[in-house]
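Descriptive structure summary
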Amino acid sequence: MVNEDILAFYMGYAFSHAIHTQHLLEHNALMVPFVVYWQHMQSDSVPYSATTQVEALEKAHSARAQREAEVTGWSSGREGTIQQNDGSKLDVVLIEGWVPGLTPPLEMFVYCRKTPFRLIQGLFWKPHHNARKNTQAFMAKFKDGILGHPFGKQCLQYVERAEPVNFVSQ
């Protein structure tokens, strides 16, 4: 059975860590993908840098799989882009989380603007048959995870000041 409370906390912490990193990035800099390895409530954040973003992601994915037997879970963050229906691409912050019994990891993303950095309203969760069964309880623990990070209160300010979504109908 998947411990959704722990999963949500771990993912909220990684979300806050990613927003903090984005907050500090210089213009046109890329965020180095990272994994936060958890042993109960103790975290160890490890960046995975490489010559290319693809290589960094491969290193992170390989390391996560190798460490699953020795941790109570992991959460990770990276940036990317998602192509829109009109062919344009929007920047996103992507977060994944895993705890024992969860296959595949749970994934979510939030759209953002890079310069100046700001979020665009809405957290988008990939459907998962073993996670987020009680959405309200999950999101409460996700918020606890955000606040568990030293940047947590400022992260919530980014969420509260997120740019409204503007849908254009054609």
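Criteria and thresholds
Residues numbered from 1 in each chain as written. Predicted model: local features only at pLDDT ≥ 70, side-chain atom pairs only at ≥ 80, totals over all residues. Heavy atoms only, no water. Salt bridge = Lys/Arg side-chain N within 4 Å of Asp/Glu carboxyl O. Helix = DSSP H or I, 4+ residues; strand = E, 2+ residues; numbered from the N terminus. Buried < 20%, exposed > 50% of the residue type's maximum accessible area, 1.4 Å probe, protein only. Core = buried A, V, L, I, M, F, W, Y, C linked by side-chain atoms within 4.5 Å. Contact = heavy atoms within 4.5 Å.

**Topic: the pattern of salt bridges**
- A complete count under the given rule lists 7 salt bridges for this structure.
- Here Glu79 makes a salt bridge to Lys114, at a shortest N to O gap of 3.1 Å. With a gap of 35 residues between them, Glu79 in strand S3 (residues 73-83) and Lys114 in strand S5 (residues 106-114) connect regions that are remote in the sequence.
- For Lys114, a relative accessible area of 27% puts it in the partly exposed group.
- The salt bridge involving Arg118 is made with Glu163; its shortest N-O contact spans 2.8 Å. One end of the pair, Arg118, is in strand S6 (residues 117-119); the other, Glu163, is in the segment after helix H4 (152-160), with 45 residues separating them in the sequence.
- For Glu163, a relative accessible area of 16% translates into the label buried.
- Salt bridges linked by common partners bring Arg113, Arg118 and Glu163 together as one network.

**Description of the nonpolar core**
- By size, the foremost hydrophobic cluster in this structure holds 43 residues, and its most contacted members are Met11, Phe15, Ile19 and Leu119.
- For this core, the secondary-structure elements that each account for two or more residues are helix H1 (4-24), strand S1 (34-39), helix H2 (53-67), strand S4 (89-98), S5, S6, helix H3 (135-148) and H4.
- Sorting elements by how many residues they give to this core places H1 first, with 10 residues.

**Some points on the side chain of His17**
- Following the sequence through the fold, His17 ends up in helix H1.
- You can call His17 buried: its relative accessible area is 18%.
- For His17, the contacting residues outside a window of four places in its chain are Phe34, Ser45 and His149.

The values reported here are purely geometric and, on their own, carry no functional implication.
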